[in-house]
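Now for the letters of each chain:
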Amino acid sequence: MTSRQSRILVVDDTPASLKLLSELLRAEGYEVRSAIDGELALESAFDNPPDLVMLDIMMPGIDGFEVCRRLKAHPATRQVPVIFVSTLSETEEKVQGFHLGAVDYVSKPYQREELLARVRTHLEIERLRNRLEEAVAERSSQLYQSEQKLRTTLDDYISAHTQLHTLLDTIPDLVWLKDPNGVYLTCNLQFERLYGAGEAEIVGKTDRDFVSAELADFFRDNDQKAVRAGKVCANEEWLEFADNGYRGLFETLKTPVLDRNGKLIGVLGIARDISERRAAQAKIQRHMQLYAALSRCNKAIVQSADEADLFLSVCQAAVEFGGMKMAWVGLLNADRSALRPCASFGEGADELQTIDMALTAGSTFGRSPTSVAIREQRPYWCQDFQNDPLTLPWRAQALKANWKSSAALPLHQGAGVFVLYADEVDAFDADARDLLLEMATDIDIALDNFSRSRAQQQAEAEIERLAFYDPLTGLPNRRLLYDRLHQAVVANARAASHGAALFIDLDNFKTLNDTKGHNHGDLLLIEVARRLEASVREGDTVARLGGDEFVVILNGLNGDPGQASAQTKMIGSKILAAISRPYPLQGYEHHCSASMGVGLFRDPDTTVEELLKCIDTALYQAKRSGRNSLQFYDPAMQQALEAKAALENDLRRALEEDGFLLYFQPQVDQDGNIVGAEVLIRWQHPQRGLVAPAEFIPLAEETGLIVPIGNWVVDSACAQLKNWEGQAGFDGLQLAVNVSAPQFRQADFVAQVRRTITRHGLCPSRLKLELTESLVLDDIDDTIVKMQQLRESGVSFSMDDFGTGYSSLYYLTKLPFDQLKIDRSFVHNLGVSQNDAVIVQTIIGMADNLGIESLAEGVETEEQLAFLKAHGCHFYQGFLFGRPLPLEQFQVRLQEASDQPANLDLRVFDSRP
């Protein structure tokens, strides 16, 4: 008779997913029903319970968790296994699903074979469970019938005593009867074997006469439970027979016996040996675990990228799914003299580090089960670790790690071994051995596949190298260069960035070949290629056209042509410097230089041929200009770069030759008293005259010259303050110096300022450093530390251009500022913009509340001054009081102001040009 098809209910609110899963299962021969939501699923399941439910979680209305809960609560579907199939993959969702009674959890997207394997596994488990329940029900029915016979017999106990004993003695189970006080009334032959005494010796006695008090109390408690329940109570008990020492697990049924009037007259006990049944169940469980481990192993084989990943996944599967205590994989070293564990998982894995796995002659490990498996190329099954003679040296570790049996399976033609440990004796029966051997075979197949894949990749890489790379230097050849250039043109045009091509030709290379031979020339080319690669960024390309010609492709340069040119020049100069370093060539030190032609590109219509022609022309110009130089193809851009380079050189010369000047713009208080000045730098160029800061400061910041220039300004300001000491009208002045971000971020900035103040013997309170908001907030922790250190030395701080950046009021309360400078943009609009007026008022009020001075810069009109005074601004700076002046003029005007009576006109400086 053919068994019916397994019935599967598929529940998913996504029609496509529902259809796909349903068709997949029907193709495997299953009877499939489908439901689009939880309500329909429950209705279908309750009316006609399926054998298995495939259940989505995220559904409108009733979600999958609620559907599972209701299925498990309903008598008709309580035992139906549920597998969640969902996109949710977090651990907490899985735990919730298993808590509700699900048997498995499959994450979307799922693998077809994995899902079908899990469906088959759980249907088989359900089939076995049903068969087991039927067997139990049948046996329980038999027990019930026996009990009924005994009840009937008890009514006629005296008259039918002989017939009753005949019946009881034929029953293979243990049968006995006690009175309400636990005194034995009768028992059968099987029970006599338990206590090693005849019925006559047992009747009239209690359990305490035969077993320990603890065990006797345990039996008595179970009797009382049955009496209190008033029905049959089942429990499991380990019993040891006195006649032969046999010990087994027995299922015991205790039944209260009542007379015709309902009065308790005793407790009937029936015990059946279920040791074999439990052993069979445990065996099935072990095999199911090993099936799961094998499935997981196959999945790991498909997903693993290399041997290390595979080995760890296999060991993990053997422990987490296969029920093993620990598993590890070892590989032989090159000379096969020792075994090296390369992956392990499970309890006791750390014990591997304590074991010497040398396989040399006479070594202890050379006689271990693992070495036997490798040497003889056969599995070694150690069913009792503590008694196997080959495991004697490692029994202490096994006892500590609870290893009771082990299996050693050779791998990949003796190159390694797969070792597993179980926490029970005789863990590897025939079926378990077959499954583990299949797992080892699958691992071998995977290792073969890895070997073939590596060989194929190596062959493909060699073919590509021969076709696209220069055999001498290993750089891309002309063929690959054309392809890379074309890709660079397209990519940079798409990204709105510039690219650059650098054509490099070694100067006087022919002379080296003619004098030292081509061998030296080849060594030089190899070293040049190495230096070129070290000089460019990741993503750039270095190629060899042939001979002593190289091309470098730079990608992702700035979208602004000027910035892109500067970036290219910086990299090109770095390359030329690298090439210019000496070359040790087989005992001969060679000096070499190179010429470079450069072309920028961004236009997507630029062809590779045009670009190579341009940089070839630029290279020719570089050669003509004297070699060891870099030339851009664009003449206009070249001129701009030359001008910029000249300006940079002049700037460096100005630092060396003291070509800078300090200008001073006065700062006054509410009474018109000059309390100090802001120090401003000017450059006195020998040809161009006075150069404004806006023209050279950006270049100084770009080249890093801003740091020495800033140090010069601080030093000059301190020197001037020292010169004014003791001069009436000057010795109380405070000078404010702007500090750039690169200067402030120097690690020795604080020490530099302190040394300058100490060198000039200056009172630190006369120096005020102005910091911008962006500088302060760029690295707030570093800012706080440096400001606190200088504040402790007496230096004061002013926040310049306050309100124009991203102001953080929280950090303002943490930073030791003495003054807030209101930006000129807000002051300029006073009387024009109400918003700016509100902002100025707010800044002044905030400064007052924080105990900080306020200074308005850019004050140009009486109206602006009146507004600021009316709202409590402390100090002022701007053209209304004077423009920035060189030292001599500033001192003259300051002297004139000091000669004026108190409360002088605040516009005293405005009368001079």
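Residues numbered from 1 in each chain as written. Predicted model: local features only at pLDDT ≥ 70, side-chain atom pairs only at ≥ 80, totals over all residues. Heavy atoms only, no water.

Enquirer: Go over the overall build of the protein chain, please, and point to the residues and values.
Expert: Check the secondary structure of the protein chain and you find 31 helices and 32 strands. Per-residue burial over the protein chain gives 46% buried out of 913 residues. Split by element, the accessible area of the protein chain, about 44900 Å² in all, is 51% carbon and sulfur. The centroid of the 92 positive side-chain charges in the protein chain is displaced by 3 Å from the centroid of its 131 negative side-chain charges. (Helix = DSSP H or I, 4+ residues; strand = E, 2+ residues; numbered from the N terminus. Buried < 20%, exposed > 50% of the residue type's maximum accessible area, 1.4 Å probe, protein only. Areas by Shrake-Rupley, 256 points an atom, 1.4 Å probe, with all protein chains shown as cover. Lys, Arg positive; Asp, Glu negative; His and termini not counted. Charge placed at Lys NZ, Arg CZ, Asp CG, Glu CD.)

Enquirer: So, helix 16 (residues 509-516): which residues are in play, and what are the values?
Expert: Looking at helix 16, one finds that the buried residues are F509, L512 and N513. One side of helix 16 carries all its buried residues, which in axial view fall inside an arc of 95°. When the buried face of helix 16 is taken as reference, the exposed residues oriented beyond 90 degrees from it are K510, D514 and T515. Directly after helix 16, the chain includes G517, whose backbone phi takes a positive value near 100°. (Arc of directions from axis to C-beta.)

Enquirer: Provide a residue-level description of the sheet that holds strand 22 (residues 630-632), including the pertinent values.
Expert: Strand order in the open sheet formed by 5 strands is 17-18-16-21-22, with mixed pairing between adjacent strands. Each edge of the sheet is formed by a strand with only one pairing partner; in this case those strands are strand 17 (541-546) and strand 22. On average, adjacent strands in this sheet sit at an angle of 20° to one another, irrespective of strand direction. Pairing analysis gives 5 bridges linking strand 17 to strand 18 (residues 549-557), with the strands arranged antiparallel. What sits directly across from G546, in strand 18, is E549. Taken strand by strand, helix 15 (residues 478-494) contacts strand 16 (498-506), strand 17, strand 18 and strand 21 (594-601), and its axis lies near 20° from that of strand 18. Where helix 19 (residues 608-624) meets the sheet, its contacts fall on strand 16, strand 21 and strand 22, and the angle it forms with strand 21 comes to roughly 145°. (Pairing = 2+ DSSP bridges. Axes fitted to C-alpha atoms, helices over the stretch in contact; angles between N-to-C directions. Contact = heavy atoms within 4.5 Å.)

Enquirer: Residues and numbers for helix 22 (residues 706-724), please.
Expert: Over its 19 residues, helix 22 extends 27 Å from the first C-alpha to the last, a length consistent with the 27 Å expected when each residue adds 1.5 Å. Just downstream of helix 22 lies G726, where phi reads positive at about 85°. (Expected span 1.5 Å × (residues − 1).)

Enquirer: I'd love a proper account of the side chain of D179, names of residues and values included.
Expert: Inspection of the secondary structure assignment puts D179 in the loop between strand 6 (174-178) and strand 7 (184-187). Here D179 is buried and forms no salt bridge, its nearest opposite-charge partner R220 lying at an N-O distance of 5.9 Å. Within polar-contact distance, the side chain of D179 engages the backbone nitrogen of N181 at 2.8 Å. (Salt bridge = Lys/Arg side-chain N within 4 Å of Asp/Glu carboxyl O. Polar contact = N/O pair within 3.5 Å; in protein donor to acceptor, adjacent residues only side chain to side chain.)

Enquirer: Could you give an account of the environment of A751, naming the residues involved and the relevant values?
Expert: Following the sequence through the fold, A751 ends up in helix 24 (residues 749-760). Given the relative accessible area of 31%, A751 is considered partly exposed. In sequence terms A751 and L215 are 536 residues apart; their C-alpha atoms lie 85 Å from each other.

Enquirer: I'd like to hear about the sheet that holds strand 1 (residues 7-11), residue by residue, with values.
Expert: The strand order across the open sheet built from 5 strands is 2-1-3-4-5, with neighbouring strands paired in parallel fashion. Both edges of this open sheet fall to strand 2 (31-35) and strand 5 (104-107), since each of them pairs with a single strand only. Each strand axis lies, on average, 20° off the axis of its neighbour in the sheet, ignoring direction. Of the pairings in the sheet, the one linking strand 3 (residues 52-55) to strand 4 (residues 82-86) comprises 3 bridges and is parallel in character. Looking at the pairing, L55 lines up with F84 of strand 4. Across the sheet, helix 3 (residues 64-73) is in contact with strand 3 and strand 4; its angle to strand 4 comes to roughly 175°. Seen against the sheet, helix 4 (residues 91-99) touches strand 4 and strand 5 and runs at an angle of roughly 145° to strand 5.

Enquirer: An account of unusual backbone geometry is requested, with residue identities and associated values reported.
Expert: The residue after K108, namely P109, is reached through a cis peptide bond having omega -5°. Along the polypeptide, P109 turns up in the loop between strand 5 and helix 5 (112-155). You will see that N508, though not glycine, has its phi angle at about 60°, which is positive. Among the secondary structure elements, N508 is positioned in the loop between strand 16 and helix 16. Here N628, not a glycine, exhibits a phi torsion of approximately 50°, which is positive. Take N628: it is sitting in the loop between helix 19 and strand 22.

Enquirer: Run through the pattern of salt bridges, naming residues and quoting values.
Expert: The tally for this structure, following the rule as stated, stands at 43 salt bridges. Note that E114 and R118 form a salt bridge whose closest N and O atoms lie 2.6 Å from each other. With a gap of 4 residues between them, E114 and R118 both fall in helix 5, about one helical turn apart. For the pair E114 and R118, a shared accessibility class is recorded, and that class is buried. Between R272 and D173 there is a salt bridge whose closest N-O contact spans 2.6 Å. Taken together, the residues R272 in strand 10 (residues 264-273) and D173 in the loop between helix 6 (161-170) and strand 6 connect sequence positions 99 residues apart. Overlapping salt bridges bring together K178, D207, D223, E237 and K254 as one network.

Enquirer: Could you give me a rundown of the pairing of strand 12 (residues 339-346), with the residues and numbers involved?
Expert: Sheet topology places strand 11 (residues 326-332) next to strand 12; 7 bridges connect them, and they run antiparallel. For M326, the partnering residue across the bridge sits in strand 12 and is G346.

Enquirer: If you had to explain the environment of Q670 to someone new, which residues and values would you point to?
Expert: By secondary structure assignment, the location of Q670 is in the loop between strand 23 (660-669) and strand 24 (674-685). Assessed through its relative accessible area of 34%, Q670 is described here as partly exposed. Residues Q670 and K869, spaced 199 residues apart in sequence, show a C-alpha to C-alpha distance of 6.9 Å. A polar side-chain atom of Q670 sits 2.6 Å from the main-chain carbonyl oxygen of C873.

Enquirer: Which residues make up the packing of aromatic side chains, and what values do they have?
Expert: In this structure the tally under the stated criterion is 25 aromatic pairs. Ring geometry for W381 against F428: centres 5.7 Å apart, planes inclined by 45°, an arrangement best described as tilted. On the criterion of sequence distance, the pair formed by W381 in strand 13 (residues 380-382) and F428 in the loop between strand 15 (416-422) and helix 14 (430-468) is long-range, its members being 47 residues apart. The buried category is assigned to W381, whose relative accessible area is 17%. By relative accessible area, which is 1% here, F428 ends up buried. For the pair F660 and F696, a centre-to-centre distance of 6.0 Å together with 40° between the ring planes defines the contact as tilted. Taken together, the positions of F660 in strand 23 and F696 in helix 21 (residues 693-703) put the pair 36 residues apart, joining distant regions of the chain. Across the pair, exposure class does not vary: F660 and F696 are buried alike. In textbook terms, an aromatic cluster arises when at least three aromatic residues are bridged by ring pairs, as seen for W176, Y184, F191, Y195 and F210. (Phe/Tyr/Trp six-rings, centres within 6.5 Å; stacked < 30°, edge-to-face > 60°.)

Enquirer: Describe the side chain of S593, listing the residues and the values that go with them.
Expert: With respect to the secondary-structure elements, S593 resides in the loop between strand 20 (588-590) and strand 21. Reaching out from S593, the side chain makes a polar contact with the side chain of D507 at a distance of 2.7 Å. Not counting residues within four places of it along the chain, the set of residues in contact with S593 comprises L506, D507, I579, S580 and N628.

Enquirer: A description of the environment of S89 should follow, citing residues and the corresponding values.
Expert: Looking at the secondary structure, you find S89 in the loop between strand 4 and helix 4. When its relative accessible area of 45% is taken as the criterion, S89 is described as partly exposed. Distance in space between the C-alpha atoms of S89 and D540 is 40 Å, their sequence separation being 451 residues. Once residues within four sequence positions are removed from consideration, S89 is found in contact with K94, Y105 and S107.

Enquirer: I'd like a rundown of the confidence of the model for the protein chain, residues and numbers included.
Expert: Segments scoring low in pLDDT should not have their predicted coordinates read at a detailed level. In the predicted model, the protein chain carries a mean pLDDT of 85, and 90% of its residues have values of at least 70. Per-element averaging of pLDDT across the protein chain places helix 6 at the bottom with 65 and strand 31 (residues 875-877) at the top with 96. Low confidence marks residues 902-913, where pLDDT is under 50. Its contacts with residues over four positions away, or in another chain, come to 26 contacts. (pLDDT = per-residue confidence, 0-100.)

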